[in-house]
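Working through the structure, step by step
Spelled out, the chains give:
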Amino acid sequence: MSKNVWLITGAGRGMGVEFARAALASGHSVVASGRDRERVSKVLGTSSDLLAVTLDVTSAADAEAAVRGAVDRFGRIDVLVNNAASFYAGYFEELTPEQIGQQLAASLIGPMNVTRAVLPVMRKQRSGHIISISSSAGLAAGFEFVTAYAASKFGLEGWMESLRAEVAPFGIATTIVNPGFFRTELLTEQSTNYAEASIGDYDERRGPLVEYWKAQNGQQSGDPAKLARALVTIASEKPPPHRFIAGADAIATAERKIADLEAQIEARRQLSTSLAFD
């Protein structure tokens, strides 16, 4: 396995820490970024192959500075992992426009900011690999309380699928990762923001849902260290996959979505195929 330079966002806690550790353990150089550079350094320690940088993904200036720091230190960027995200939970009507904007800023516009800063480096190299961490909620989201989060992840997926066609001629690959429930810090108070209760029609359902989400924290079946090692594995593949569905629960979600799409197509195939000009 050749030694590559990885730039990982959201590397101060949760999945990002495991991604950084796995890449370092595999002999790669890592630029680990987070809003709190000191926290990143504290959790990952010191190594000649590690550079901790400050990066709030909602800031294009931060993204450009992080990329400059990476190139100054290691000379190149081979793998970008767009991992930083947040979770605004609640019924759509109770989520404020500001909360939805913050969700999109962190989980959709943020990855765009960092990728925009990295692409000139990868184009010059005529090589690179952009990995964006989506979610099973980016494949199917037919359940309550995730309207803002799912919107950000569906948007991320559409952007990444189109980006793949744009950058492939430069030797740059892209991968969407759809994790199921992994035991990360996404559901902690630091990462999850709940909408304020404001509409009585939702009262009966809201309380049990909030308790459900809070109870899931620390109980998720997925092991983030194993996912991190899997990420290193797929990043070494030539070519890497366009998509990696991570976890048995995520595969089950994807299979249900496929079955539902097939059923919807077959139910109205005749009507759908009758719409061309005569």
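Residues numbered from 1 in each chain as written. Predicted model: local features only at pLDDT ≥ 70, side-chain atom pairs only at ≥ 80, totals over all residues. Heavy atoms only, no water.

Some details on the overall build of the protein
Selection rule: Numbering of helices and strands starts at the N terminus; helices are DSSP runs of H or I of at least 4 residues and strands are runs of E of at least 2. The globule rule used for comparison is 2.2 Å times the number of residues to the exponent 0.38, while the radius of gyration itself is calculated over C-alpha atoms. It only takes one pair of heavy atoms within 4.5 Å for two residues to be counted as in contact. The method behind every accessible area is Shrake-Rupley, applied with a 1.4 Å probe, and residues are considered shielded solely by the protein chains displayed. By the counting rule applied here, Lys and Arg register as positive and Asp and Glu as negative, while His and the ends of each chain are not counted. One atom stands in for each charge, and that atom is NZ of Lys, CZ of Arg, CG of Asp or CD of Glu.
Of the regular secondary structure elements, the protein holds nine helices and nine strands. A compact globule built from 278 residues would reach a C-alpha radius of gyration of about 19 Å, and the protein, at 20 Å, matches this within 12%. Taken along the three principal axes of its C-alpha coordinates, the protein extends 55 × 50 × 35 Å. In the protein, once contacts between residues fewer than 6 apart in sequence are set aside, the share between residues at least 24 apart is 72%. When the accessible area of the protein is evaluated, it comes to approximately 14000 Å², of which 53% is carbon and sulfur surface. Charged side chains of the protein number 28 positive and 31 negative; the gap between the two group centres comes to 9 Å.

Here's the deal with helix H4 (residues 97-125)
What counts is decided by this rule: Any helix carries an expected span of 1.5 Å times its number of residues minus one. One axis is fitted to the seven residues ending at the residue and one to the seven starting there. The bend at that residue is the angle between these axes.
Over its 29 residues, H4 runs 40 Å from end to end, which matches the ideal 42 Å to within 8%, given 1.5 Å per residue. Of all the bends in H4, the largest measures some 40 degrees and sits at Ile109, one to four residues before the proline Pro111. Looking one or two residues beyond H4, the residue adopting positive phi is Arg126, at roughly 60 degrees.

Section: the packing of aromatic side chains
Under the convention used in this document: What counts as a ring pair is set by centres within 6.5 Å for rings of Phe, Tyr and Trp (its six-membered ring), and what kind of pair is set by the plane angle: stacked under 30 degrees, edge-to-face over 60, tilted for all other angles. Each residue is placed in one exposure class: buried if its accessible area under a 1.4 Å probe, protein chains only, is under 20% of its type's maximum, exposed if it is over 50%, and partly exposed if it falls in between.
Under the definition given, this model contains three aromatic pairs. Look at Phe87 and Tyr149: their rings are 5.1 Å apart centre to centre, the planes differ by 65 degrees, and that puts the pair in the edge-to-face class. With Phe87 in strand S5 (residues 87-89) and Tyr149 in helix H5 (residues 147-167), this pair connects stretches of sequence that are 62 residues apart. Both residues of the pair, Phe87 and Tyr149, belong to the buried class. Between the aromatic rings of Tyr91 and Tyr202, the centroid separation amounts to 4.3 Å while the plane-to-plane angle is 20 degrees, which identifies the pairing as stacked. In this pair, Tyr91 sits in the loop between S5 and H4 while Tyr202 sits in the loop between strand S8 (192-194) and helix H6 (203-216), placing the two residues 111 residues apart along the sequence. In this pair, the class of Tyr91 matches that of Tyr202, namely buried.

Quick notes on the nonpolar core
Inclusion rule: By nonpolar core is meant a set of buried Ala, Val, Leu, Ile, Met, Phe, Trp, Tyr and Cys residues that side-chain atoms within 4.5 Å join together.
In this structure, Leu7, Ile77, Val114, Val118 and Ile130 are the most contacted members of the largest nonpolar core, which totals 29 residues. When contributions to this core are tallied by element, the ones reaching two or more residues are strand S1 (5-8), strand S3 (50-54), helix H3 (60-74), H4, H5 and strand S7 (172-179). Element by element, the count of residues in this core is highest for H4, at seven residues. Among residues more than four places away in sequence, those in contact with Ile77 are Val5, Leu7, Val67, Ala70, Val71, Val118, Val121, Met122 and Gln125. In this structure, Trp6, Val40, Val177 and Ala235 belong to the second largest nonpolar core, which totals 28 residues.

Comments concerning the environment of Val53
Note that Val53 resides in strand S3. With relative accessibility at 10%, the residue Val53 sits in the buried group. Residues Val53 and Arg73, 20 residues apart in the sequence, show an inter-C-alpha distance of 11 Å. Among residues more than four places away in sequence, those in contact with Val53 are Val31, Ala32, Ser33, Gly34, Arg37 and Ala66.

Description of the packing of H3 against H4
Note the threshold: Orientation is described by axes fitted as lines to C-alpha atoms, over the contacting stretch for helices, and by angles from 0 to 180 degrees between their N-to-C directions. Helix crossings get a hand from a simple test, with the near helix turned counterclockwise from the far one by less than a right angle marking a left-handed crossing and a clockwise turn marking a right-handed one. For this scheme, ten residues count as nonpolar: Ala, Val, Leu, Ile, Met, Phe, Trp, Tyr, Cys and Pro. Four count as charged, namely Asp, Glu, Lys and Arg, and the remainder, Gly too, count as polar.
Packing of H3 against H4 leaves a shortest axis separation of 8 Å and a crossing angle of 35 degrees. With respect to the hand of their crossing, H3 and H4 are arranged in right-handed fashion. Each of Ala60, Ala63, Glu64, Val67 and Val71 in H3 lies in contact with H4, whose residues at this interface are Asn113, Val114, Ala117, Val118 and Val121. Among the residues making up the contact of H3 with H4, the classes are represented as eight nonpolar, one polar and one charged.

Digging into the sheet that holds S1
Within a sheet, each strand pairs with its neighbour through backbone hydrogen bonds, oriented either parallel or antiparallel. The following threshold applies: Whether two strands pair depends on DSSP finding at least two bridges between them.
Spatially, S3-S2-S1-S4-S6-S7-S9 is the arrangement adopted by the seven strands of the open sheet, whose pairing is parallel. Among the strands making up the open sheet, the edge pair consists of S3 and strand S9 (243-246). Across this sheet, the average inter-strand angle for adjacent strands is 15 degrees, counted without regard to direction. In the sheet, strand S2 (residues 29-34) pairs with S3 via five bridges, with the strands oriented parallel. Each residue of the ladder has a partner; that of Ser33, found in S3, is Val53.

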